[in-house]
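Single-letter residue listing:
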Amino acid sequence: MSWWRLYLGQLAILVCLAPYVNLQPAENINYNLVHSWADKLGMELFHLGDFITRRKEVQESFKDAKVVSRNGASIVDSMAKEIEMMMDLKVSAVRRIMDTAENTALSHQNEKADKMFSYYSAKEMLEPGDPVPPIPTPAPDMDKDIGEPLIYVQPKVVVLEPRPEFHNTPVNFSVSSVHVPVNVFDRAPDVIKAIQWSENLDQIFRDNYKNDPTLSWQFFGSSTGFMRQFPASKWRKDVPVDLYDCRLRSWYMEAATSPKDIVILMDGSGSMLGQRLDIAKHVVNTILDTLGTNDFVNIFTFDKEVSPVVGCFDETLIQATLGNIRELKEGIELFSPKSIANYTAALTKAFEILEDAKLNSRGAQCNQAIMIIGDGAPENNREVFELHNWRDPPYKPVRVFTYLIGKEVANWDDIRWMACENQGYYVHLSDTAEVREMVLNYIPVMARPLVLGRHDHPVIWSQVYADIEDTKLSDYLWDISQCEYQKADVLQFWQVRDRMLEPIEMHRRKYRRMKETWKQPVDSNVYQFMTTVSMPIYDRRENANITEEVLINEALWELQTRETKIANILGVAGTDVPINEIKKLLSPFTLGVNGYAFIVTNNGYVLFHPDFRPIFQGYILKPSYNSVDMIEVELLDDDRAARDFNPLLMTIRDSIINQSTGSKWMLVKNHFDEMKRVARIKRQYYWTAIKKTPFTLVISYPEQYGVSHMDIRADQEIHRISIKGTNLRNVFSGKRWKIHPDWLFCKHSNRTFKTPEIELLYFLERMSEPGWRWPGSRSAMPPEHAAAMFSNNSSTGRYPSINEKERYYCDRQLMQALVFDARVTGWFSNNTSFNSKDDKGTSASSPIAVLMGLLPRNEFKQRFGVTVAFLATHSGLTRWHEFHSNAAEESGAGETFSQNNTRAIDEIWYKRAVDQHFVREESFVYSVPFDAGESNSEILVTASHAVFHNEGGKTAPAAVVGFQFQHSALYKLFHNITGNACAVDDKDCYILDNNGYVVISTRVHETGRFFGEVNGAIMKRLLEENVYKQVTVYDYQAVCFESKSDNNASSMLLSPIFHVLRVGKWLLHTALWYIVQLLQWAPGVSSHYADMYGDSNETEPPAPPPEDHGRNGNGHGKKDKDYWLRYLTLHRTRLKPCDMKRELYTLFKEKDNVVYNMTAHACERPFVVLPIPFSNLILLVIDQLCPRDATVMLTVNPQPIDYPLAINETLACYKHAREFNRMRPHSCISRHANESGIKLCGKACSIYANLGLLLLCHILSRWL
């Protein structure tokens, strides 16, 4: 009977499982039902948007406008001329400063320096009411560093007033202020004398500003080190140390010397140890700091052999970009001396590299120099110089500068001879404090040909840079950031204890910190980016008396005064041109939505570009931020590998840097929205030179909708509608409107306004007055140009007088379009009439439309969650109106939208709506913020729709309408449509946007996440079935982080500092441990710190401290203690430029994609995907009963690119092997026939050394 019972048991099981056996997993998803969900959701959302935005009424409003073709060649030519005129104005101002400075210095040459002279010190000057610092008492009798009594001069008092044109910096327009670097003594005779006579420049500063109120900072950088700046302002004190020295800025260096090729030779003999090595490295780093992107350099160390400090840079010169300079500095830090130095081999190598560069047209092709850093040469190597440098007397093409290192040196004569006989300069260095001043002595020497030319003052335009910031500050800020991370870890340890080591917690913390480093804002107010125009200032004297020590015999030095020929540079004059001011001249309105302009330098680097991202983590400058090549931001859609640039793009780049004029169309990949979305479009490019500058202007716009643009008819012009009695101010009635804050509509030169809207209303009043005229140019002409024009033709009257009290500019075309748009859309900001029966924007056949029309306002808001409807036009106007469910919301409604969405065609929702128009005209684009589900705040969904105007077969975007509504309302609507079908455990329902981000999920915390991170396996299937297409985007401006640990064994053996650092590390470990213990023993203290510095992003409340038994159950054992110390110790990293890539996704644009007709099929295809009509969304329903491969994950986060690099090679090596063409600067003055008459080449060494002691030290250094 047992078999019978077994049979009955199995039969019972089959009967129980019968329903599940017959129902396959795929049958849980009914294709037709899902199709009805998608159709119903799309229809209801579309009618909601149709009703809210009144898009048909908006389209009807633009019926009187016309559509005309856009002429790219004419636009780029017009913009280039505007920029050229503006830049001429700046050059004119700098030239007047230069001329005044040279004359003033000449007239004051016989005046004595007044060491008690009082000036406005940028660091010390006071404002009224500031406490006067007490006089130092008791004052020291003598300053041991300079050997003179200390001088105290009471700071001067000045009134400062914040001015918006100087970014609200408090300034004074009556005087200038002086900044003196920390390494310069301001009471030294030559320094205080220059400060004294340069005060006469204040008048020309004021006159320049009067002639051109758009001028930014004007300054005179003296060769003695100080900088006089107008208007006067206090120096920043929010940095740990003042690193600023104007002589190390690119605008100074490039004006003071023509481009240069430099080979640095560093003595690698065994005697170069300890302090000598530190001084030598400091010298090398300072030389590197004086170089710019038009210079070329390399560093070699030499002992028995000559070796480059960066192996892949051998046998060549490299461009002195920030990235390459950083690579060289890291290489020199790893250098350690070895054996006897071979000067002959080193000099021969240097000459060969320089000769090869000149013969093969590489490098700067102008000045050439060899810098020798060592502690003495065994011979003068005359034969090497005769062979390579004295072939064509009296010219010596390569200058030699020598830096003798060490206090006790005997054979200085040979190394000095090398410099003096090769038109160079010799200095002796015995302390790191004097390095900067001594190194900078090479600048006046290389400037001698310029000065001897007298009348030729090259105009220099700098590369883009971040105002007064130093890139060294980036490393400091990153170190501070890491310290903050460690402090957070220590505090979190008290809060969560053992949870810190859970894999999920560690991953979450690491991911959150990496996300912070990915923040690369394009528009940021943290730094003021600018270019500077500058020109050198010469000492017009040809002879001068100098006093110097002369060696009479081996033991006697004597001070002697003699007259000698000189060719001194006094300094550099310059003025800043903020990048934002240049952008305002580019009239973004004329380029339209998704159109942009950028400027390229002679090196191929962008001065600015919409994809120029110079900072990361929101506030730290990138290590090589200002050497971004144009081909690194214009990404062709050609599926090539990283840095395998398309020959077509390279050809266009060559044409641009050669300052040709041309045009071309290209298929490109444009990423946007924090580099998480991508569009593949065909763009048209036009370019032309900005004359008399090294810059070329490029414009670009989409070919699909950029070839035409909106324009107004003659009868709609401002003056005609004013004549008809239209009050222009009434066109902009109410408060629910704003204009693009960065566009130049109308600008008053002598007045500032609180907001752009107030300024606009002021000019509308002016336009209504009799006698209004449109100015002919944004920039006034330089005074000397205007005077010449008026003298030749006084009746032109195009440009206002330079003495005119009221100056302004208005963009006529933009203002005409703005007033027209405001006039025809004035009705939009009025609240929607909910009970109107003739609402043109609503389809009467739609039940939801009927319902919306009948609902009272408060019920409408509660049911649909709509908060605001908005309209933005192509002319930069934004209007909106709010929806309130009660009176309490009235006061603050709409403020959030109006604060964050005023940039019209530059807003993401505007651009996406216009692109979506060509996917499906009758549709809205829906989006939610990225990772919105992780926040606890209310999520808003933004929907937008593009309104196009058609005329005569041409079409152009006129405006974008849209609305924002609560995500909870959308979720409720979706739930009502699907019922409980998506709420059960066997199905997952998602709504994804066209880039793969989750808009709706049954798990709200997944909202805003990329779907590939939620369910990588299904996302991979969607790729395989051509629902989405993967688009690779390369980021050539990325920042990586490498460990600071140094495993160089030689440094451990040779440097006693290493052992000191080991002791310091042990002390740090111990201190951290006791801090942790203190936090455990003092809960009151820890809770206070936790409240102040706790992790604000923690989603779970802090857990109470668990019982402390140790990880091995034995309490605080030694093993447990060491474990926590290893975890809490900061593992420092340093910044490194690198390349990364992102895999982004976009929906296939093919209509009637067959994949949307496919049903689910068991677990082979456990999902149904369908487009949601009238939107950019898709509906995805997944069968959860099928197994899921959780190991598959797709991400849009940046991933490092692995290039085929050899051992010890870096990205800099890879880029160097693939260098791009560049155009050399036009100005090169490297020689002058009279220079051989100048015999100043540095002072001889006057330190008496104990030869026996020197010999003993030398033997010990060789053998111990």
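This text goes with the structure placed above it.
Thresholds applied
Residues numbered from 1 in each chain as written. Predicted model: local features only at pLDDT ≥ 70, side-chain atom pairs only at ≥ 80, totals over all residues. Heavy atoms only, no water. Helix = DSSP H or I, 4+ residues; strand = E, 2+ residues; numbered from the N terminus. Buried < 20%, exposed > 50% of the residue type's maximum accessible area, 1.4 Å probe, protein only. Contact = heavy atoms within 4.5 Å. Core = buried A, V, L, I, M, F, W, Y, C linked by side-chain atoms within 4.5 Å. Phe/Tyr/Trp six-rings, centres within 6.5 Å; stacked < 30°, edge-to-face > 60°. Lys NZ or Arg CZ within 6 Å of the ring centre and 35° of its normal. Salt bridge = Lys/Arg side-chain N within 4 Å of Asp/Glu carboxyl O. Pairing = 2+ DSSP bridges.

Visitor: Any chance you could explain the overall build of the chain here in plain terms?
Guide: Within the chain, the regular secondary structure consists of 39 helices and 42 strands. Buried residues in the chain amount to 55% of all 1264 residues. Once local pairs closer than 6 in sequence are excluded, the contacts in the chain between residues at least 24 apart make up 77%.

Visitor: Teacher, can you tell me more about the nonpolar core here?
Guide: Within soluble globular proteins, side chains that are nonpolar tend to cluster in buried spots. Residues Tyr403, Tyr442, Phe1011 and Leu1022 are the most contacted members of the largest nonpolar core, which totals 257 residues. Of the residues forming this core, the biggest block, 14 residues, is contributed by helix α4 (residues 72-107). When near neighbours in sequence (up to four residues on either side) are disregarded, tyrosine 403 contacts Val283, Ile287, Met371, Ile372, Ile373, Gly374, Val427, Leu429, Met438, Val439 and Tyr442. One finds Ile718, Cys746, Val868 and Phe870 within the second-largest nonpolar core, a separate group that totals 45 residues.

Visitor: What is the right way to look at the packing of aromatic side chains in this model?
Guide: Aromatic ring pairs are described here by two measures, namely the spacing of the ring centres and the angle between the planes. Under the counting rule described, the total for this entry stands at 54 aromatic pairs. Arranged with centres 5.0 Å apart and planes meeting at 25°, the rings of phenylalanine 1010 and tyrosine 1145 form a pair that is stacked. With phenylalanine 1010 in the loop between β37 (998-1001) and α32 (1011-1014) and tyrosine 1145 in strand β39 (residues 1133-1147), this pair connects stretches of sequence that are 135 residues apart. Using a relative accessible area of 2% as the deciding quantity, one classes phenylalanine 1010 as buried. Here a set of aromatic residues connected by ring pairs shows up, and it is made of Phe46, Phe924, Tyr926, Phe963, Phe965 and Phe1174. Stacked on the ring of tryptophan 665, the Lys or Arg lysine 682 has its end atom at 3.8 Å from the ring centre. Note that arginine 751 overlies the ring of tyrosine 762, its terminal NZ or CZ placed 4.7 Å from the centroid.

Visitor: Is there a simple way to think about the pattern of salt bridges in this case?
Guide: Oppositely charged side chains can pair when the atoms bearing their charge come close. A complete count under the given rule lists 57 salt bridges for this structure. Arginine 187 is the salt-bridge partner of aspartate 186, the closest N and O atoms lying 3.7 Å from each other. For aspartate 186, a relative accessible area of 18% puts it in the buried group. Arginine 362 is paired through a salt bridge with aspartate 356; the nearest N and O atoms lie 2.3 Å apart. Its relative accessible area of 36% is what places arginine 362 among the partly exposed residues.

Visitor: Whenever I open this one, the pairing of strand β41 (residues 1178-1183) confuses me. Can you help?
Guide: The two faces of a sheet get side chains in turn, since along a regular strand they alternate between them. When you tally the buried positions in β41, you get six out of six residues, the bulk of the element. Where strand β36 (residues 987-992) and β41 come together, six bridges link them in antiparallel fashion. The residue bridging isoleucine 991 from the neighbouring strand is leucine 1179, located in β41. Examined bridge by bridge, strand β40 (residues 1167-1171) and β41 share five bridges and lie antiparallel to one another. Looking at β41, one finds that valine 1169 is bridged to leucine 1180. Where β40 folds back onto β41 in an antiparallel hairpin, the turn is made up of six residues, including phenylalanine 1174, whose phi is positive at roughly 60°.

As far as function goes, none of this settles anything; it's purely spatial.
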